[in-house]
Amino acid sequence: FQNPSHPYTQALLSATPVADPEHHKERIKLTGELPSPLNVPAGCAFAPRCWKATDKCRAERPELMDETHQAACFYA
C-alpha cells in the first residue's frame, strides 16, 4: 500500500480517506468508459481510463512484471 506501481491501484488508494486532517493527498479521478466484457478491447483493459496510456497500451496487452510484484503495466 505504500508504493503502488499500477495506475489503477494508485487511483483506488488515492480515494481512501486519511485519519489525519492536516494530511492532504491528491485524488486521482478516473474518466472514460469501462470496457464492455462482451467486446474486450485490444491491449490493456484499463487503457481507456488510464492517464498514463499510450498507443502501445491500446495495442498490446502487458504481461505481469515479475513473480514478486504482480502488476501488468508497461509503465508501472
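Structure shown above.
Calculation rules
Residues numbered from 1 in each chain as written. Predicted model: local features only at pLDDT ≥ 70, side-chain atom pairs only at ≥ 80, totals over all residues. Heavy atoms only, no water. Disulfide = S-S within 2.5 Å. Phe/Tyr/Trp six-rings, centres within 6.5 Å; stacked < 30°, edge-to-face > 60°. Helix = DSSP H or I, 4+ residues; strand = E, 2+ residues; numbered from the N terminus. Buried < 20%, exposed > 50% of the residue type's maximum accessible area, 1.4 Å probe, protein only.

**Q** For this particular structure, what's the right way to read the state of the cysteines?
**A** The bond known as a disulfide is covalent and runs between the sulfur atoms of two cysteines. For the structure shown, the criterion picks out zero disulfides. Of all cysteine sulfurs, the one in Cys73 lies closest to Cys50, which takes part in no disulfide; the gap is 6.0 Å.

**Q** Any chance you could explain the packing of aromatic side chains here in plain terms?
**A** Aromatic rings in a pair are described by how distant their centres are and how their planes are angled relative to each other. Under the defined criterion, the tally for this structure stands at two aromatic pairs. The interplanar angle of 70° and the centroid separation of 5.1 Å between the aromatic rings of Tyr8 and Phe46 together place this pair among those described as edge-to-face. You can see Tyr8 sitting in helix α1 (residues 7-14) and its partner Phe46 sitting in the loop between α1 and α2 (55-59), a full 38 residues away along the chain. An angle of 65° between the planes, with centres 6.4 Å apart, marks the rings of Phe74 and Tyr75 as edge-to-face. Note on Phe74: relative accessible area 27%, which makes it partly exposed.

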